[in-house]
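Remarks on the overall topology
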Amino acid sequence: MTSPTSPPPASSTAPSTSNSMKAHLLDLSDFAWQRLHHRLGELTDKEYLWEPVAGAWTVRPTGDGGHAADGSATPPEPAPFTTLAWRIAHLTEVLGAERTATWLGLPVGPDEEPDPPQGTAAAGVASLERAHAIWRRRLAAVTDEALARPMGELAGPYAESDGAAFALHILDELIHHGAEIGVVRDLYRHQRPRDPFAGS
């Protein structure tokens, strides 16, 4: 596990020497992804679907061989606890969403729709890896000009926000859900059996 004072792990691509906005976003995205991907190693199905509290949101079979994530577009307050399966499915959808291309002025490539929620750890991680590859490819293709200009009516209520603000929003999703995934894994690893003689 990377400590707070550790330098970023070696990137799969050479660190950029450019001072462009896109270069900075790519460096941050690569660092956040490598940190998360490291934390996903050796994930089991039991841990993937672990519900430590009642009423947790997770990924459930739909009855037709597929799976769906619990929840709605407007989560209740306070937000429910979510399993690793739910968080991985959500992050897969965020990274691979059509808007991470169209809002940045890019075409949606063939076969770039994100995978649906998955019922096993291996399939869930593979779907997340694929979604990240889609996001990484799009971020690498965007221009600094597109990052600097307002996104326009396609972005709805965010029309006046520029592409860089949107890219930072996606990276915030990657970073904070990645951190939450790490915390849930730590909780799972450090579970202690309940003491039957302890007071209620």
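All chains use their own residue numbering, which begins from 1 and follows the written sequence. Local features are withheld for residues below a pLDDT of 70 in this predicted model, meaning they are given only at 70 or higher, and side-chain atom pairs are given and counted only at 80 or more; totals for whole chains, interfaces and linings count all residues. In computing side-chain properties, one takes all heavy atoms of the structure into account and sets aside hydrogens as well as water.

A few points about the packing of aromatic side chains
Formally: Pairing of aromatic side chains requires ring centres within 6.5 Å, counting the rings of Phe and Tyr and the six-membered ring of Trp. Pairs whose planes differ by under 30 degrees are stacked, by over 60 edge-to-face, and all others tilted. The secondary structure listing takes helices from DSSP runs of H or I that are at least 4 residues long and strands from runs of E that are at least 2 residues long, numbered from the N terminus. Each residue's exposure class comes from its accessible area (1.4 Å probe, protein chains only) as a fraction of the maximum for that residue type: buried when under 20%, exposed when over 50%, partly exposed otherwise.
Tallying each qualifying case throughout the model produces 4 aromatic pairs. On the basis of an interplanar angle of 75° and a centroid distance of 5.2 Å, the ring pair of Trp50 and Tyr188 is categorised as edge-to-face. Placement of Trp50 in the loop between helix H2 (45-48) and strand S1 (59-61) and of Tyr188 in helix H7 (residues 163-189) is noted, with a sequence separation of 138 residues between them. Taking the relative accessible area as the measure of exposure, Trp50 reaches 17% and is therefore buried. Measuring from centroid to centroid gives 4.9 Å for Trp103 and Phe166, while their planes differ by 50°, and the two rings are tilted. With Trp103 in the loop between helix H4 (99-102) and helix H5 (121-141) and Phe166 in helix H7, this pair connects stretches of sequence that are 63 residues apart.

Concerning the nonpolar core
Our working definition: What we call a nonpolar core is a set of buried Ala, Val, Leu, Ile, Met, Phe, Trp, Tyr and Cys residues that are connected through their side-chain atoms within 4.5 Å. Between two residues, a contact is recorded if the distance between any of their heavy atoms is within 4.5 Å.
Judged by nonpolar contacts, the single largest core of 41 residues is most densely connected at Leu36, Leu40, Leu43, Leu95, Leu128 and Leu174. Put simply, the parts of the chain that give this core at least two residues each are helix H1 (21-39), helix H3 (84-96), H5, helix H6 (144-148) and H7. No other element matches H7, which puts 9 residues into this core. Beyond its immediate sequence surroundings of up to four residues, Leu128 is in contact with Trp33, Leu36, Leu40, Ile88, Leu91, Thr92 and Leu95.

Quick notes on a nonpolar patch on the surface
Formally: Each patch groups residues whose relative accessible area exceeds 30% and which form no salt bridge, using 9 Å between like charges and 5 Å between nonpolar side chains of Val, Leu, Ile, Met, Phe, Trp and Tyr. What sets the accessible areas is the Shrake-Rupley method with a 1.4 Å probe; for residues, cover comes only from the shown protein chains. A pair is scored as a salt bridge if a Lys or Arg side-chain nitrogen falls within 4 Å of a carboxyl oxygen belonging to Asp or Glu.
Together, Leu28, Leu168 and Ile175 make up an exposed nonpolar region whose accessible area comes to about 210 Å². For Leu168, a relative accessible area of 43% translates into the label partly exposed.

A few points about the packing of H1 against H7
Quick reminder of the rule: Interaxial angle, 0 to 180 degrees, is taken between N-to-C directions of lines fitted to C-alpha atoms, where a helix line uses only the stretch in contact. Orientation labels follow simple angle bins: below 35 degrees gives roughly parallel, above 145 gives roughly antiparallel, 65 to 115 gives roughly perpendicular, and whatever is left gives oblique. Crossing handedness follows the turn of the near helix against the far one: under a right angle anticlockwise gives a left-handed crossing, and clockwise gives a right-handed one. Residues are sorted three ways: Asp, Glu, Lys and Arg are charged, Ala, Val, Leu, Ile, Met, Phe, Trp, Tyr, Cys and Pro are nonpolar, and all the rest, Gly among them, are polar.
Their axes nearest at 9 Å, the elements H1 and H7 cross at an angle of 15°. In terms of axis orientation, H1 runs roughly parallel to H7. H1 and H7 meet at a crossing whose hand is left-handed. Contacts between H1 and H7 involve Met21, Leu25, Leu28, Ser29, Ala32, Trp33, Arg35, Leu36 and Arg39 on the former and, on the latter, Ala164, Ala167, Leu168, Leu171, Leu174, Ile175, Gly178, Ile181, Gly182, Arg185, Asp186 and Arg189. Grouping the constituent residues of the contact of H1 with H7 by class yields 13 nonpolar, 3 polar and 5 charged.

Considerations on the confidence of the model for the protein
Keep this limit in mind: The score called pLDDT rates the predictor's confidence residue by residue, from a low of 0 to a high of 100.
Scored by pLDDT, the protein has a mean of 89; 86% of the residues are at 70 or more. Under a pLDDT of 50 for its full length, residues 1-17 has, in the predicted model, 14 contacts with residues more than four places off or in other chains.

Quick word on the layout of surface pockets
Note the cut-off: The definitions used throughout rest on a 1 Å grid laid over the protein atoms alone, on which a cavity is an enclosed set of points accommodating a 1.4 Å probe that cannot get out and a pocket is an open set flanked by protein within 12 Å on both sides along at least five of seven lines; lining residues are those having an atom within 4 Å of a point. Grid points are joined across faces, edges and corners, and a volume is the space filled by probe spheres set on the points.
By volume, the largest pocket is sized at about 590 Å³. Around the largest pocket, the lining comprises 25 residues; the ones closest to its centre are Ser72, Pro75, Trp86, His90 and Glu93. Only H3 and H7 provide two or more residues apiece to the lining of the largest pocket. With 6 residues, H3 is the largest single contributor of residues to the lining of the largest pocket. By residue class, the composition of the lining of the largest pocket is 12 nonpolar, 6 polar and 7 charged.

Some words on the side chain of Arg87
The following threshold applies: Between N or O atoms, a polar contact is any pair within 3.5 Å; within protein, one atom must be a potential hydrogen donor and the other a potential acceptor, and residues adjacent in sequence are included only when both atoms are from side chains.
Along the chain, Arg87 falls in helix H3. Taking relative accessible area as the criterion, Arg87 reaches 11% and is therefore assigned buried. Only 3.0 Å separates the side chain of Arg87 from the side chain of Thr82, close enough to count as a polar contact. Excluding its chain neighbours within four sequence positions, the residues that come into contact with Arg87 are Thr82, His177, Glu180, Ile181 and Val184.

Digging into H3
For clarity, the cut-off: The span one expects for a helix is its residue count, reduced by one, times 1.5 Å.
The end-to-end C-alpha distance of H3, which contains 13 residues, comes to 18 Å, matching closely the 18 Å that a straight helix rising 1.5 Å per residue would cover. In terms of burial, H3 is largely enclosed, as 11 of its 13 residues are buried.

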